[in-house]
Amino acid sequence: MITGASSGIGGALAVELAKRGASLGLVARRAETLSEIARTIEAAGGRALVLPADVRDADSLRAAAERLRSEIGPVDVLIANAGIGPTRDASELDAAEVSDVININVVGASNSVAAVVPQMVARGQGHLVIISSLAAYRGLPRSAAYCASKAAVSAFFESLRLDLEPKGIAVTIIHPGFIKTPLTAGREAQMPFLMELDDAVQKIVRAIEKQKKSYAFPWQLATIVRAGMIMPIWMYDRISRKNSFRE
Ligand SMILES: NC(=O)c1ccc[n+]([C@@H]2O[C@H](COP(=O)([O-])OP(=O)(O)OC[C@H]3O[C@@H](n4cnc5c(N)ncnc54)[C@H](OP(=O)(O)O)[C@@H]3O)[C@@H](O)[C@H]2O)c1
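Right, let's walk through the structure included here. All values reported here derive from a predicted model rather than from experimental measurement.

For the rest of this paragraph, the subject is the overall build of the protein. Helix and strand counts for the protein stand at eight helices and seven strands. Over its C-alpha trace the protein gives a radius of gyration of 18 Å, about what one expects of a compact globule, namely 18 Å for 247 residues. With the C-alpha coordinates aligned to their principal axes, the bounding extent of the protein is approximately 55 × 40 × 35 Å. Across the 247 residues that make up the protein, the buried fraction comes to 48%. Taking the intrachain contacts of the protein between residues at least 6 apart in sequence as the baseline, contacts between residues at least 24 apart amount to 68%.

Now the structure itself:
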């Protein structure tokens, strides 16, 4: 079951996982776009069920997971990928927008887990994957809500790992850098080590198949971000302000 499967990383992951033999439940709000992805998967001999739902609505996610279970079978892997990432300078902070980012990126991921985890616990197996971001590690300019949401999901899934691994459920936290998708399209600021979607999807699939606990990529940007975590604040602020990734 993949959330945010109508576009970008989620759509490309769905197509790639189908090629590798997975049957998929595709969750997002745009039913028609999901149907196009499902048609691509089915034309290649795969199986996909379109499950239109808003991740902010816990009931409709539970219903989607239930339909998936009854039509295809138990959910082996959840990829909580749905997310938004608006650019906003803090001097123009928009409380409603912050609320949307937190509700979709954090509460939406939690709703997705809640829709599948009781059955995973009952079966003593399963795999939860969150598409977080390198933006989870420290605050970045013009991204307060996004950074907060990604820091929150990374910590949330780390806690899940501690509780659920002993019950047979693997947890993988993916921290991607910049990938060419509709989310980053149209940004004018320079995005270092910007990746092609297909390359990024191959890396994500490998990390999922290996059930890595945490995976940050590309390594160049992940190394810079890790260096940022141990920098003194004055140095971090100076470098971050000079290298804003958002215009
Ligand atoms: N692209 C990057 O550089 C990058 C880097 C690091 C992390 N990420 C993360 O990767 C994930 C996917 O991003 P992307 O780049 O593929 O973006 P994208 O192309 O804009 O796709 C976002 C997906 O999320 C879905 N979504 C948004 N709000 C939703 C809601 N309320 N309910 C259900 N689905 C919802 C969208 O579907 P509908 O509009 O049809 O609902 C869409 O399928 C996000 O979590 C993002 O933060 C991206």
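If you check the shell around the ligand, you find 30 residues, and the closest are S7, R29, Y146, I179 and T181. With respect to the ligand, the side chain of R30 contributes an N or O atom lying 2.8 Å from an oxygen atom. Here an oxygen atom of the ligand and a backbone polar atom of N81 are 2.8 Å apart. Burial of the ligand by the protein chains amounts to 95% of its free accessible area of 870 Å². The residue inventory of the shell around the ligand, partitioned by class, reads 14 nonpolar, 11 polar and five charged.

The next point concerns the packing of helix 1 (residues 8–19) against helix 2 (residues 31–43). Viewed as axis vectors pointing N to C, helix 1 and helix 2 meet at an angle of 20 degrees, and their least axial separation amounts to 9 Å. Our classification of the angle between helix 1 and helix 2 gives roughly parallel. Every pair of crossing elements has a handedness; the one defined by helix 1 and helix 2 is right-handed. Of the residues in helix 2, those in contact with G11, A14, V15 and A18 of helix 1 are I37, T40 and I41. When its residues are assigned to classes, the contact of helix 1 with helix 2 shows five nonpolar, two polar and no charged.

A few words on the side chain of T184. By secondary structure assignment, the location of T184 is in the loop between strand 6 (169–176) and helix 6 (197–209). Discounting chain neighbours no more than four positions away, the residues touching T184 are I179 and M191.

The next point concerns the pattern of salt bridges. Pairing between side chains becomes possible if they bear opposite charge and their charged atoms approach one another. Counted under the stated rule, the structure contains 15 salt bridges. Here E71 makes a salt bridge to R67, at a shortest N to O gap of 3.0 Å. Linking E71 with R67, this pair stays in helix 3 (residues 58–71), spanning four residues, or about one helical turn. Its relative accessible area of 39% is what places E71 among the partly exposed residues. Connected via shared salt-bridge partners are E16, K19, R20 and E209.

This paragraph deals with the pairing of strand 3 (residues 47–52). Examined bridge by bridge, strand 2 (residues 23–28) and strand 3 share six bridges and lie parallel to one another. When the bridges of strand 3 are listed, L26 appears paired with V50.

All chains considered together, the criterion is met by three aromatic pairs. Look at Y215 and F217: their rings are 5.1 Å apart centre to centre, the planes differ by 15 degrees, and that puts the pair in the stacked class. Judged by its relative accessible area of 17%, Y215 falls in the buried class. On the basis of relative accessible area, F217 is assigned to the buried category, the value being 1%. Here the guanidinium or amino end of R138 rests over the ring plane of Y236, the centre of that ring lying 3.9 Å away.

What counts and how
- Residues numbered from 1 in each chain as written.
- Predicted model: local features only at pLDDT ≥ 70, side-chain atom pairs only at ≥ 80, totals over all residues.
- Heavy atoms only, no water.
- Helix = DSSP H or I, 4+ residues; strand = E, 2+ residues; numbered from the N terminus.
- Rg over C-alpha atoms; globule rule 2.2 N^0.38 Å.
- Buried < 20%, exposed > 50% of the residue type's maximum accessible area, 1.4 Å probe, protein only.
- Contact = heavy atoms within 4.5 Å.
- Near = heavy atom within 4 Å.
- Polar contact = N/O pair within 3.5 Å; in protein donor to acceptor, adjacent residues only side chain to side chain.
- Areas by Shrake-Rupley, 256 points an atom, 1.4 Å probe, with all protein chains shown as cover.
- Nonpolar A, V, L, I, M, F, W, Y, C, P; charged D, E, K, R; others polar.
- Axes fitted to C-alpha atoms, helices over the stretch in contact; angles between N-to-C directions.
- Parallel < 35°, antiparallel > 145°, perpendicular 65-115°, else oblique.
- Left-handed = near helix turned anticlockwise from the far one by under 90°.
- Salt bridge = Lys/Arg side-chain N within 4 Å of Asp/Glu carboxyl O.
- Pairing = 2+ DSSP bridges.
- Phe/Tyr/Trp six-rings, centres within 6.5 Å; stacked < 30°, edge-to-face > 60°.
- Lys NZ or Arg CZ within 6 Å of the ring centre and 35° of its normal.

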